[in-house]
Amino acid sequence: MTVLYNFDKPIERVGTNCTKWDLMEPAFGVPASDGIPMWVADMDFEAPDVLQEATKSLIEKANYGYFTGEPEMKDAVAWWMETRHGWSPDPRHMFSTAGLGNAIAICIQTFTDPGDEVIIFTPVYHEFTKKIVNADRVVKESPLVIDADGLYRMDLDALGKSLSGKEKMLLFCSPHNPAGRVWTVEEQKALAAFCIRHDLILVSDEIHHDLTFPGQTHVPMPVAAPEVAERLVMLTSSSKTFNTAGSRLGTVTVPGADLRQRFGHALKALNLQANLLGCVLTCAAYSPRGAEWVDQLTRYLDGNRSAFLDAVAQIPGLRPMPMQATYLAWVDFTNTGMEMSEILRRVRNDARIAPSVGDEFGSGGEMFLRFNIGTTRARINTAISRLQDAFSDLQ
Ligand SMILES: Cc1ncc(COP(=O)(O)O)c(C=O)c1O
């Protein structure tokens, strides 16, 4: 029997140690009492029953000691990737990290040396840059270009011409945050060929793998370009799809024996293992009931996407970019003719909305804001009317 989930149901998150709501005022000066947090990639929906039942059963055992269960979790990951994405990863090639930010940092430290360059396609998830810089490596930005349809594209010719020879790794985001792209097989094949040609390790961060919109199919890199497997590191997680980032669990799949040996060694040195809650939640999520919830979630998010993008496109000076995936709307404010400080004043003070600021995402993001639409439709509608009011003088 199909269960119908109610994504319109508001849940109280204020005062629950919730980054998105409880840190909004300290970070942006927008109070939670009346503000709308549209920044960090975290959704405001109640967790599905399948997760609640698994967590309750964990609590009922009253036993939080050392645990077994990581192999079952890896089997669940393999099942999900096979049934949802047509990729059959070998559970013996998987490692667990404390989330994917952690996995990115370990990849950088394991596969590159201080002073090496790591390539990223900007604008991109801001933590890529932070992790590279914090490890004393050098960020090499390859700016994405916007085509006639407003879609972001990689410019591998320009990147190839700009190489210094110090590049060791390429950190790829697929689907792309914040550009909202679902990369085609052809694009991924071209990227894989580029990495092979220039002897680069390809780290493919696919944390947004499930959050695609109708008509779009996310193809994991090992399916799109099996020829790159020996130099590929795959990052996946159930945490973005099921909003379980608090359980800090990421899966790193390394098909090539050499890179796998090096990654495994690095994890042992750090004594990193999976955690109990992350395993319980991932096993519960990666199930037929979890799949049913995700199908309904993406339909709901699609409604949010149409409502938000259609309305924002009507506000003079604002240009929402097409969204093929993620719940992160990327909006260009260039045509307002305003300084970013004035745009932020209007968005934060007048509209009482806290989006992510585009320049954090690197070159090309300077005049953009990223709006998280993973919330109730009612709140999306309020955000729309507040933005309309805040920029109404541009009519
Ligand atoms: C592309 C990408 N990678 C990694 C992360 C962070 O993952 P985690 O919470 O597992 O550290 C995010 C979070 O939004 C993300 O968008």
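By convention here, each chain's residues receive numbers from 1 onward along its written sequence. Per-residue local features are limited, in this predicted model, to residues with pLDDT of at least 70; the limit for side-chain atom pairs, both in listing and counting, is 80 or more; totals at the level of whole chains, interfaces and linings are taken over all residues. Here the side-chain values reflect all heavy atoms present in the structure, with hydrogen atoms and water set aside.

### Describing the side chain of Thr 212
So, point 1. In this description a helix means any DSSP run of H or I spanning at least four residues, a strand means any run of E spanning at least two, and both kinds are numbered starting from the N terminus. Within the fold, Thr 212 resides in the loop between strand S8 (201-205) and helix H9 (221-224).
So, point 2. In what follows, residue pairs with any heavy atoms lying within 4.5 Å of each other are defined as contacts. Ignoring sequence-local partners within four residues, the contact set of Thr 212 consists of Pro 175, Val 182, His 218, Thr 298, Gln 324 and Ala 325.

### Brief notes about the pairing of strand S9 (residues 232-236)
Moving residue by residue along a regular strand, the side chains alternate between the two faces of the sheet.
So, point 1. The rule is simple: take the accessible area with a 1.4 Å probe, protein chains only, and divide by the maximum for that residue type; under 20% is buried, over 50% is exposed, in between is partly exposed. The element S9 is extensively covered by neighbouring structure, given that five of its five residues are classed as buried.
So, point 2. Because side chains alternate across S9, one face comprises the buried residues Leu 232, Met 234 and Thr 236, and the other comprises Val 233 and Leu 235, equally buried.
So, point 3. Whether two strands pair depends on DSSP finding at least two bridges between them. Bridge count between S8 and S9: four bridges; the pairing is parallel. From the neighbouring strand, Asp 205 faces S9, where its bridge partner is Leu 235.

### A look at the domain arrangement of the chain
So, point 1. Note that domain bounds follow an automatic or database assignment of domains. Split into domains, the chain comes out as domain 1 (19-48 + 289-394) and domain 2 (67-286).
So, point 2. Between the C-alpha centres of domain 1 and domain 2 the distance comes to 25 Å.
So, point 3. Contact with domain 1, which involves 32 residues of that partner, is made by 34 residues of domain 2.
So, point 4. Here domain 1 meets domain 2 over a buried area of about 2900 Å², counting both sides, of which 58% is carbon and sulfur.
So, point 5. Summed over both partners, buried area is the accessible surface (1.4 Å probe) that two parts give up on being assembled. When residues of domain 1 are sorted by the area they lose upon contact with domain 2, Gln 324, Thr 326 and Phe 361 head the list and together hold 25% of the total.
So, point 6. A carboxyl oxygen of Asp or Glu within 4 Å of a side-chain nitrogen of Lys or Arg is what we treat as a salt bridge. Linking domain 1 to domain 2 there are one salt bridge.
So, point 7. Between Asp 295 and Arg 84 there is a salt bridge; the shortest N-O distance is 2.8 Å.
So, point 8. Polar contact is defined as a pair of N or O atoms within 3.5 Å, subject to the rule that within protein one atom must be able to donate a hydrogen and the other to accept it, and that residues adjacent in sequence are counted only when both atoms are side-chain atoms. On inspection of domain 1 and its partner domain 2, the count reaches 15 residue pairs in polar contact (both at pLDDT 80 or more).
So, point 9. Going through the elements one at a time, helix H13 (288-313), strand S12 (328-332) and strand S14 (368-372) are the ones with two or more residues in the side of domain 1 that touches domain 2.
So, point 10. A total of 10 residues in the side of domain 1 that touches domain 2 trace back to one element, the largest contributor, which is H13.

### Some points on unusual backbone geometry
So, point 1. A cis amide bond links Thr 122 to the next residue, Pro 123, at an omega of 0°.
So, point 2. Inspection of the secondary structure puts Pro 123 in the loop between strand S3 (117-122) and helix H6 (127-134).
So, point 3. In this chain, Ser 174 is followed by Pro 175 through a cis amide linkage whose omega measures -10°.
So, point 4. The residue Pro 175 is located in the loop between strand S7 (167-173) and helix H8 (185-197) in this model.
So, point 5. A positive phi angle is found at Asp 199, which is not glycine, with a value near 55°.
So, point 6. Position of Asp 199 relative to the elements: it lies in the loop between H8 and S8.
So, point 7. Residue Arg 248 is not a glycine yet carries a positive backbone phi of 45°.
So, point 8. With respect to the helices, strands and loops of the structure, Arg 248 is situated in the loop between helix H10 (239-242) and strand S10 (250-253).

### Quick look at the nonpolar core
So, point 1. Leu 170, Phe 308, Phe 371 and Phe 391 are the most contacted members of the largest nonpolar core, which has 92 residues in total.
So, point 2. Top contributing element to this core by residue count: H13, with 10 residues.
So, point 3. When residues are assigned to domains, this core turns out to be shared by domain 1 (19-48 + 289-394) and domain 2 (67-286), each giving three or more.
So, point 4. Counting residues in each nonpolar core, the second largest holds 28 residues, with Ile 106, Cys 107, Val 203 and Leu 235 among its members. For our purposes a nonpolar core is just a set of buried Ala, Val, Leu, Ile, Met, Phe, Trp, Tyr and Cys residues, chained together by side-chain atoms within 4.5 Å.

### Examining a negative patch on the surface
So, point 1. Each patch is built from residues lacking any salt bridge and having more than 30% relative accessible area; the joining distance is 9 Å for like charges and 5 Å for nonpolar side chains (Val, Leu, Ile, Met, Phe, Trp, Tyr). Throughout, the Shrake-Rupley method with a 1.4 Å probe supplies accessible areas, and for residues the shown protein chains are the sole cover considered. His is not counted, nor are the chain ends; Lys and Arg add positive charge and Asp and Glu add negative charge. Charge coordinates come from a single atom per side chain, which is NZ of Lys, CZ of Arg, CG of Asp or CD of Glu. On the surface, Glu 141, Asp 359, Glu 360 and Glu 366 cluster together into a negatively charged patch.
So, point 2. Secondary-structure assignment places Glu 360 in the loop between strand S13 (353-357) and S14.
So, point 3. According to the relative accessible area criterion, Glu 360 is partly exposed, its value standing at 36%.

### Things to note about the sheet that holds S8
So, point 1. In spatial order, the strands read S2-S10-S9-S8-S7-S3-S4; together these seven strands make up an open sheet with mixed pairing. A strand with exactly one partner marks an edge of an open sheet, and here the two such strands are strand S2 (94-97) and strand S4 (138-143). Each strand of the sheet is rotated relative to its neighbour by a mean of 25°, with strand direction disregarded.
So, point 2. Strand direction decides the pairing type here: S3 and S4, joined by six bridges, are parallel. From the neighbouring strand, Thr 122 faces S4, where its bridge partner is Pro 143.
So, point 3. Note on definitions: angles span 0 to 180 degrees between N-to-C directions of axes, and those axes are lines fitted to C-alpha atoms, for helices only across the stretch in contact. This element, helix H11 (residues 257-270), spans S2, S8, S9 and S10 of the sheet and lies at about 30° to S2.

### Notes on the pattern of salt bridges
So, point 1. Under the counting rule described, the total for this entry stands at 27 salt bridges.
So, point 2. Residue Glu 70 is joined to Lys 74 by a salt bridge in which the shortest nitrogen-to-oxygen separation is 3.5 Å. Residue Glu 70 and its partner Lys 74 are located together in helix H4 (residues 70-85), separated by four residues, close to a single helical turn.
So, point 3. Measuring nitrogen to oxygen at the nearest pair gives 3.0 Å for the salt bridge that ties Glu 227 to Lys 189. With a gap of 38 residues between them, Glu 227 in the loop between H9 and S9 and Lys 189 in helix H8 connect regions that are remote in the sequence.
So, point 4. The partly exposed category is assigned to Glu 227, whose relative accessible area is 43%.
So, point 5. One network of salt bridges, in which partners are shared, links Arg 13, Lys 20, Asp 42, Asp 44 and Arg 379.

### Thoughts on the environment of Ala 229
So, point 1. As for its placement among the helices and strands, Ala 229 is situated in the loop between H9 and S9.
So, point 2. On the basis of relative accessible area, Ala 229 is assigned to the partly exposed category, the value being 22%.
So, point 3. A sequence separation of 27 residues divides Ala 229 from Gly 256, and the C-alpha atoms of the two residues are 6.1 Å apart.

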